[in-house]
Amino acid sequence: MTFLLAGHITTSISTSWALYQLAHHPHEQDLLREELVRAFPEKSKFNPTFDEINSLEYLNCVVKEALRLTPPAPDIQRVNNKDVVLDGHFIPKNTTLMIPIAALQRLPSIWGSTAENFDPNRWLDPSLIKKVNNYYYLPFHTGIRSCIGNKLALNEFKILLSMLVRNFVFRPVEGIQIDRDRIGKVDQHVELMVSKVET
Ligand code: HEM
């Protein structure tokens, strides 16, 4: 039951928001589709192996960027089991601490002035990769109670997103605008225009 709940809504939310971002960034969507068409020229034969799906560099960047901007677990809580001093602040035992995953993943001090923008190419920048660690990028959290389904989730997410983008074009619905602070929210309804890719 835990796997069903923890493993279902997370991947579906991630995929929905990734499609939303791609719909609003048609150039990035086209780049992803071009990579997919090169790798899988025949739509009907889209049946990637583990190695094939993980060799797609731009897809990897899109997935990382979607999990950065719209993580399905935007914050999580932990309770300390002993008194601690963190950065000069005394935190007594049994305090509920919030780890703001979404906020850390948008810190301008780490992600730069484009922190709020959907930009998969940032993951190709070696200077960013040097700066990013699991204090600032932790969609699956980190440590011993981090997501046990991490690797499965990434592969599922990549395959699902690829199948959708290889077969369909996603565009925003005219007149429908989601407030910036609602983007990524679990309970936000997302509507997109979908048309078929012919070849
Ligand atoms: C994009 C998809 C996913 C994301 C972003 C994600 C993220 C997370 C995060 C942040 C946690 C830590 C929660 C906390 O400590 O409060 C977690 C825990 C967990 N996740 Fe995932 N998850 C994803 C998919 C999956 C999948 C596919 C499965 C299983 C099939 C799964 C199974 C679990 C389980 C069992 C835990 C609890 C681990 C523990 O407490 O030791 N997750 N996940």
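Because the structure is predicted, anything quoted here is derived from the model rather than measured. (Residues numbered from 1 in each chain as written. Predicted model: local features only at pLDDT ≥ 70, side-chain atom pairs only at ≥ 80, totals over all residues. Heavy atoms only, no water.)

**Re the overall build of the protein**
Thinking step 1. Helix and strand counts for the protein stand at eight helices and six strands.
Thinking step 2. Secondary structure of the protein in N-to-C order comes out as α-α-α-α-β-β-β-β-α-α-α-α-β-β.
Thinking step 3. At 18 Å, the protein has a C-alpha radius of gyration in line with the 16 Å of a compact globule built from 199 residues.
Thinking step 4. When its C-alpha atoms are laid out on the principal axes, the protein stretches across 60 × 40 × 35 Å.
Thinking step 5. Residues classed as buried in the protein amount to 36% of the 199 residues present.
Thinking step 6. Taking as baseline every contact in the protein between residues at least 6 positions apart, the subset at least 24 positions apart corresponds to 70%.
Thinking step 7. Of the accessible surface of the protein, which amounts to about 12100 Å², a share of 58% is contributed by carbon and sulfur atoms.
Thinking step 8. Computed over 22 positive and 22 negative side-chain charges, the inter-centroid distance for the protein is 5 Å. (Helix = DSSP H or I, 4+ residues; strand = E, 2+ residues; numbered from the N terminus. Rg over C-alpha atoms; globule rule 2.2 N^0.38 Å. Buried < 20%, exposed > 50% of the residue type's maximum accessible area, 1.4 Å probe, protein only. Contact = heavy atoms within 4.5 Å. Areas by Shrake-Rupley, 256 points an atom, 1.4 Å probe, with all protein chains shown as cover. Lys, Arg positive; Asp, Glu negative; His and termini not counted. Charge placed at Lys NZ, Arg CZ, Asp CG, Glu CD.)

**Considering the site of the ligand**
Thinking step 1. Every one of the 21 residues lining the ligand counts as a neighbour, but Gly7, Thr10, Arg78, Arg145 and Cys147 are closest to it.
Thinking step 2. Residue Ala6 places a main-chain N or O atom 3.5 Å away from a nitrogen atom belonging to the ligand.
Thinking step 3. Arg145 is positioned such that a nitrogen or oxygen atom in its side chain is 2.7 Å from an oxygen atom of the ligand.
Thinking step 4. Looking at the shell around the ligand, the elements with two or more residues in it are helix H1 (2–24), strand S1 (76–79) and helix H8 (150–167).
Thinking step 5. Here the shell around the ligand is built from residues that sort into eleven nonpolar, seven polar and three charged. (Near = heavy atom within 4 Å. Polar contact = N/O pair within 3.5 Å; in protein donor to acceptor, adjacent residues only side chain to side chain. Nonpolar A, V, L, I, M, F, W, Y, C, P; charged D, E, K, R; others polar.)

**A word on the UniProt feature "binding site: heme" (unreviewed entry) in the protein**
Thinking step 1. Residues annotated in UniProt with the feature "binding site: heme" (unreviewed entry) correspond here to Cys147.
Thinking step 2. Along the polypeptide, Cys147 turns up in the loop between helix H7 (126–131) and H8. (UniProt positions renumbered as here; feature names shortened; annotations may be inferred.)

**Some thoughts on the environment of Leu56**
Thinking step 1. Tracing the backbone shows Leu56 in the loop between helix H3 (50–54) and helix H4 (57–69).
Thinking step 2. Separated by 94 residues in the primary sequence, Leu56 and Asn150 place their C-alpha atoms 18 Å from one another.
Thinking step 3. With residues near it in sequence (within four places) discarded, Leu56 still touches Glu35, Leu36, Ala39 and Phe40.

**Quick word on the layout of surface pockets**
Thinking step 1. Taken as a whole, the largest pocket encloses approximately 730 Å³ of empty space.
Thinking step 2. In this structure, the largest pocket is lined by 27 residues; those nearest its centre are Ala6, Thr10, Cys147, Ile148 and Gly149.
Thinking step 3. Secondary-structure elements contributing two or more residues to the lining of the largest pocket are H1, S1 and H8.
Thinking step 4. No other element matches the seven residues that H1 contributes to the lining of the largest pocket. (1 Å grid on protein atoms, 1.4 Å probe; cavity = no way out; pocket = protein on both sides within 12 Å on 5 of 7 lines; lining within 4 Å. Points joined across faces, edges and corners; volume = space filled by probe spheres on them.)

**Considerations on the environment of Glu156**
Thinking step 1. For Glu156, the position within the fold is in helix H8.
Thinking step 2. When its relative accessible area of 37% is taken as the criterion, Glu156 is described as partly exposed.
Thinking step 3. The spatial distance from the C-alpha of Glu156 to the C-alpha of Arg38 is 21 Å, given a sequence separation of 118 residues.
Thinking step 4. For Glu156, the contacting residues outside a window of four places in its chain are Gly7 and Thr11.
Thinking step 5. Looking at Glu156, its side chain comes within polar contact range of the side chain of Thr11, at 3.4 Å.

**Details of the confidence of the model for the protein**
Thinking step 1. Predicted confidence across the protein gives a mean pLDDT of 94, with 100% of residues reaching 70 or more.
Thinking step 2. Overall fold confidence (pTM) sits at 0.95, and the ipTM for the predicted complex is 0.97. (pLDDT = per-residue confidence, 0-100.)

**Structural notes on the packing of helix H2 (residues 26–39) against H8**
Thinking step 1. Taken N-terminus to C-terminus, the directions of H2 and H8 make an angle of 95 degrees; their axes are 9 Å apart at the nearest point. By the criterion of interaxial angle, the relationship of H2 to H8 is roughly perpendicular. Here H2 contributes Gln29, Leu32, Arg33, Leu36 and Val37 to the contact with H8, which in turn contributes Ser162, Val165 and Arg166.
Thinking step 2. Here the residues of the contact of H2 with H8 are counted per class, giving four nonpolar, two polar and two charged. (Axes fitted to C-alpha atoms, helices over the stretch in contact; angles between N-to-C directions. Parallel < 35°, antiparallel > 145°, perpendicular 65-115°, else oblique.)

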